[in-house]
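Report on the structure
Here's the letter readout for the chains.
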Amino acid sequence: MRKKIAAANWKMNLTLPQAHQLLDEILGQNISLEKHQEVIFAVPFPYLTEMNKRTFELKNYYTAAQNCSDKKSGAYTGETSVEMLQSIHVAHVVIGHSERREYYHETNELLAQKVNMAIGAGITPIFCCGEPLSIREAEGQNEFVAKQLLESLYHLTADEIAKVVIAYEPIWAIGTGKTASSQQAQTIHAFIRENIAGKYGAEVADNISILYGGSVKAANAVDLFSQPDVDGGLVGGASLVGNEFTAIIKALPA
Ligand code: PGA
């Protein structure tokens, strides 16, 4: 069975005391995860070590970075390499979030380099894709997402892409309160899986977790996560609220 994942994306939020308090609230629930379930907290860089200490001991709980450099090391002021993440035992990194694509001009080609860096360091990329509203309104979402996959992931071997987690996040649903309906999510997730199957075969495609992101909350998580091709969520706003994210974890299929 492929992994079912509740991933929190804290973005640029919370002070360190607030971050600890939020983890107190969530981890204090002692939700034990089954073998196929994972909970991942993508936290700001300065908190990685401390948050990782708290999740490290817990089965199937992880702390992730929200970004990494496309370069190995050297004179790149302000950047964080995968080697640095590896050295503090961070096992996952979010790559290609739409906010990075939009505000920091990250292209599919650059993201392919970041994916290579992460895989080379044994770190799982949580690769984000998804279309803006204008593309959805013109019904061009499948082509748009297929191009993102092609240009950032399809140079990988089958063994390598098997290590990637995909997060489909329609930009029009991020932070807007406007969620894709569970049917809309299922339809495009099935398309993504078929697209991967077309390139790598059905077995590889069947084993890749595809998360949905965009205004996931306690109230819609069960409905979204019960779709056959939706393997959990990448959650922004609701991941900052202890009881919301706890309910989202509990919504992961057993
Ligand atoms: P949101 O963000 O849940 O606040 O819509 C999701 C994301 O950007 O990963």
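Treat the numbers as computed from the prediction; the structure is a model and nothing was measured. (Residues numbered from 1 in each chain as written. Predicted model: local features only at pLDDT ≥ 70, side-chain atom pairs only at ≥ 80, totals over all residues. Heavy atoms only, no water.)

Section: the site of the ligand
Our working rule: Only a single heavy atom is needed: when it lies within 4 Å of a molecule or strand, its residue is near that molecule or strand. Throughout this description, a polar contact denotes any pair of N or O atoms lying within 3.5 Å of each other; where both atoms belong to protein, one of them has to be capable of donating a hydrogen while the other can accept it, and for residues adjacent in sequence the pair is counted only when both atoms sit in side chains. All accessibility values rest on the Shrake-Rupley procedure with a 1.4 Å probe; residue burial counts only the protein chains present in the view. When residue character is reported, Ala, Val, Leu, Ile, Met, Phe, Trp, Tyr, Cys and Pro are called nonpolar, Asp, Glu, Lys and Arg charged, and the others, Gly included, polar.
Taken together, 13 residues surround the ligand, and among them Lys11, His97, Glu169, Gly175 and Ser215 come closest. Glu169 is positioned such that a nitrogen or oxygen atom in its side chain is 2.7 Å from an oxygen atom of the ligand. About the coverage of the ligand: the protein hides 95% of its 280 Å² of free accessible area. Residues that form the shell around the ligand fall into these classes: four nonpolar, seven polar and two charged.

What to know about unusual backbone geometry
The following threshold applies: The way it works is that DSSP assigns letters per residue, a run of H or I at least four long becomes a helix, a run of E at least two long becomes a strand, and they are numbered from the N terminus. Burial classes: relative accessible area under 20% of the type maximum marks a residue as buried, over 50% as exposed, and values in between as partly exposed (1.4 Å probe, protein chains only).
A positive phi is found at Asn30, a non-glycine position, where the angle reads about 50°. Mapped onto the secondary structure, Asn30 falls in the loop between α1 (16-27) and β2 (37-42). Residues other than glycine seldom take positive phi values, yet His105 does so here, at roughly 55°. Residue His105 is classed as exposed on the basis of its relative accessible area of 64%.

Some remarks on empty space enclosed by the protein
Keep this limit in mind: Site definitions follow a grid-based scheme: protein atoms alone, a 1 Å grid, a 1.4 Å probe that fits but cannot get out for cavities, and for pockets an open set with protein on both sides within 12 Å along at least five of seven lines, plus lining residues having an atom within 4 Å of a point. Grid points are joined across faces, edges and corners, and a volume is the space filled by probe spheres set on the points.
Applying the stated criterion across every chain yields a total of one cavity of 30 Å³ or more. Volume-wise, the largest cavity comes out at about 40 Å³. Forming the walls of the largest cavity are Gly96, Ser98, Arg101, Cys128, Cys129, Gly130, Gln148, Glu169 and Ile171. Its residues assigned to classes, the lining of the largest cavity shows three nonpolar, four polar and two charged.

Structural notes on the sheet that holds strand β3 (residues 61-65)
Definition in use: For two strands to pair, DSSP has to find at least two bridges joining them. To define axes, lines are fitted to C-alpha atoms, for helices over the stretch in contact only, and angles between the resulting N-to-C directions are given on a 0 to 180 degree scale. Working rule for contacts: check all heavy atoms of both residues, and any pair within 4.5 Å makes them a contact.
If you trace the eight strands once around the closed barrel, you get β1-β2-β3-β4-β5-β6-β7-β8, paired in parallel fashion. Averaged over all pairs of adjacent strands, the angle between strand axes in this sheet comes to 25°, irrespective of strand direction. Pairing between β2 and β3: four bridges, direction parallel. Looking at the pairing, Val39 lines up with Tyr61 of β3. Against the sheet, helix α7 (residues 141-152) contacts β5 (124-129) and β6 (165-168), and its axis sits at roughly 145° relative to β5.

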